[in-house]
Amino acid sequence: DLITGNRRYYIQIEFVNYRSGQTISPFSNISGAQTRDPRGGVILPVPSSLADVSILNWEQTSIKDQGGRIAGSFLPPSAVNFARQFGDAVSGAAAIAGAYAGVTVNPGLFMVFTQPNFKEYVFNWDLVANNEDETRRIADIVNSFKFAAAPASDGPAYLYPDIAIMKLFPKDYYTFVMKPAAITAVRVQYNGAGQPAFLRNGAPVSVKLTVQFKEIQIWEKNSWSRGTS
C-alpha cells in the first residue's frame, strides 16, 4: 500500500551483484542508471531519519611544523629555505627570548585538503504486523537484507556481497541522491515494542530494523546530481 493512492512516499532498495568493471564499479563515479544484475529488492516506508552527511578530511599544519618537508615537494628552493629558517626561529635562544618578552613567532598556519570520504547512511524502520501474512512479509524483508549483506564462499575465497541501489520517492530532487552502497551492518530487534510480544503463529508483533550503508563511490563535482526525478 506504499505505492497506491496519493501516498507514494517510500524508499526503494534494489540488491545487485557486485562485479567490478562490469556493473557497479567502485572506480566509477557515474550517477544514475547503470547496467546491473538484479538480485531482488524491497520497498519500505521512508526511514525515520533522513540524514545526508558529507565528511571531508582537512588537516591543520604550519610552516614551523613542516620545516620545509612539505614545501620541498612542490615549492621552489627559495621558499624551502625560508620555511626552514622560519621553523628554526622558534628554537633555542629565540624561544627563551620570546617567552621573556611575551612574543612568539607566527607559525604560518594553513589548511591542507587530504581526501573526501565515502558517505554513510543509517536507516531505521519500525515494522509492526497486523496479521500473520504481514509477519511473513516482515521476515522476508529482514532476511533479504541479511542475505544481501553476506558474502558467498568460492573455494578458498569469498565473493563480494551484493550492493544496494537506493532511491527516495516521489522526488529525490528535494532530498538527496544515493550512490551504490555496501551493506555494512544489519541490526534486528525482535521485541520492538519494548518487551516480547508474539502472534499465534509465533512471529514477533513488532520488529525494529536498522541497516547501515556505506557508498562505494566518491562524490566529486563532476558526479554531482540534483535528483533523478
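Going along each chain's sequence as written, the residues are numbered from 1 onward. Residue-level local features of this predicted model are given only where pLDDT is at least 70; pairs of side-chain atoms are given and counted only at 80 or more, and the full residue set underlies all totals for whole chains, interfaces and linings. Excluded from the side-chain calculation are hydrogens and water; included are all heavy atoms of the structure.

**Points about the overall build of the protein chain**
Piece 1. In this description a helix means any DSSP run of H or I spanning at least four residues, a strand means any run of E spanning at least two, and both kinds are numbered starting from the N terminus. Counting secondary structure elements, the protein chain contains 5 helices and 10 strands.
Piece 2. With 229 residues in all, the protein chain has 31% of them scored as buried.
Piece 3. Contact between two residues is taken to exist if any of their heavy atoms lie within 4.5 Å; hydrogens are not considered. Long-range pairs, those at least 24 residues apart, make up 74% of the contacts in the protein chain between residues at least 6 apart in sequence. Categorising residues by exposure relies on relative accessible area from a 1.4 Å probe, with only protein chains included: less than 20% of the type maximum marks a residue as buried, more than 50% marks it as exposed, and the intermediate range marks it as partly exposed.

**Here we look at the nonpolar core**
Piece 1. Grouped together as the largest cluster of nonpolar side chains are 26 residues, with contacts concentrated most on Ile13, Trp125, Phe145, Met166 and Phe213.
Piece 2. Listing elements by their share of this core, those giving two or more residues are strand S1 (10–16), strand S2 (38–45), strand S5 (120–128), helix H5 (132–149), strand S8 (163–169), strand S9 (181–189) and strand S10 (206–215).
Piece 3. Ignoring sequence-local partners within four residues, the contact set of Trp125 consists of Ile11, Ile13, Leu44, Pro45, Val46, Pro47, Val207, Lys208, Leu209 and Val211.
Piece 4. Joining through side-chain atoms within 4.5 Å is the link that ties buried Ala, Val, Leu, Ile, Met, Phe, Trp, Tyr and Cys residues into a set, and such a set is a nonpolar core. Ranked by size, the runner-up nonpolar core spans 5 residues in total, among them Val16, Tyr18, Ile165 and Ile216.

**Observations regarding the packing of aromatic side chains**
Piece 1. Aromatic rings from Phe, Tyr and Trp, taking only the six-membered ring of Trp, are treated as a pair when their centres fall within 6.5 Å; an angle between ring planes under 30 degrees marks them as stacked, one over 60 as edge-to-face, and anything in between as tilted. Summed over all chains, the structure comprises 11 aromatic pairs.
Piece 2. Both rings, one in Tyr18 and one in Tyr160, keep their centres 4.6 Å apart while their planes meet at 40 degrees; by these two values the pair is tilted. Residue Tyr18 is found in the loop between S1 and S2, and its partner Tyr160 is found in the loop between strand S7 (157–159) and S8; the two are separated by 142 residues along the sequence.
Piece 3. Here Tyr160 falls in the exposed class, since its relative accessible area comes to 55%.
Piece 4. Measuring from ring centre to ring centre gives 5.8 Å for Phe123 and Phe213, while their planes differ by 55 degrees; the resulting arrangement is tilted. Separated by 90 residues along the polypeptide, Phe123 in strand S5 and Phe213 in strand S10 bring together distant segments of the chain.

**Some thoughts on H5**
Piece 1. The span one expects for a helix is its residue count, reduced by one, times 1.5 Å. Taking 1.5 Å of rise per residue, the 18 residues of H5 would be expected to cover 26 Å, and the 26 Å separating its terminal C-alpha atoms lies within 8% of that figure.
Piece 2. All of the buried residues along H5 are Thr135, Ile138, Ile141, Val142, Phe145 and Ala148.

**So, the pattern of salt bridges**
Piece 1. A pair is scored as a salt bridge if a Lys or Arg side-chain nitrogen falls within 4 Å of a carboxyl oxygen belonging to Asp or Glu. Overall, the coordinates contain 6 salt bridges when judged by the stated rule.
Piece 2. Taking the shortest distance from any N to any O, the salt bridge between Lys167 and Asp172 comes out at 3.6 Å. For the pair Lys167 and Asp172, one class covers both residues: buried.
Piece 3. One network of salt bridges, with partners in common, ties together Asp133, Arg136 and Arg137.

**Digging into the environment of Val186**
Piece 1. Positionally, Val186 belongs in strand S9.
Piece 2. For Val186, a relative accessible area of 26% corresponds to the partly exposed category.
Piece 3. Taking the C-alpha atoms as reference points, Val186 and Phe213, separated by 27 residues in sequence, lie 9.2 Å from one another.
Piece 4. Filtering out sequence-adjacent residues up to four positions away, Val186 remains in contact with Phe145, Lys146, Ala149, Leu209, Thr210 and Val211.

**Some points on the pairing of S10**
Piece 1. Among the 10 residues that make up S10, 8 are buried, leaving the element largely enclosed by the rest of the structure.
Piece 2. If DSSP finds at least two bridges between two strands, the strands pair. As paired elements, S9 and S10 share 8 bridges and run antiparallel to each other. Looking across to S10, one finds that Arg187 is bridged to Thr210.

**So, unusual backbone geometry**
One can expect most non-glycine residues to show negative phi and most peptide bonds to be in trans.
Piece 1. Residue Phe169 is joined to Pro170 through a cis peptide bond whose omega torsion reads 10 degrees.
Piece 2. Along the chain, Pro170 falls in the loop between S8 and S9.

**A word on the confidence of the model for the protein chain**
Piece 1. The quantity known as pLDDT measures the predictor's confidence residue by residue, on a range of 0 to 100. Counting all residues, the mean pLDDT for the protein chain is 80, and 74% of those residues have values of 70 or more.
Piece 2. For the protein chain, the element scoring lowest by mean pLDDT is helix H2 (residues 71–74), at 46; S9 scores highest, at 96.
Piece 3. Considering only residues more than four positions removed or in separate chains, one finds that residues 68–74, a stretch of pLDDT under 50, has 7 contacts.

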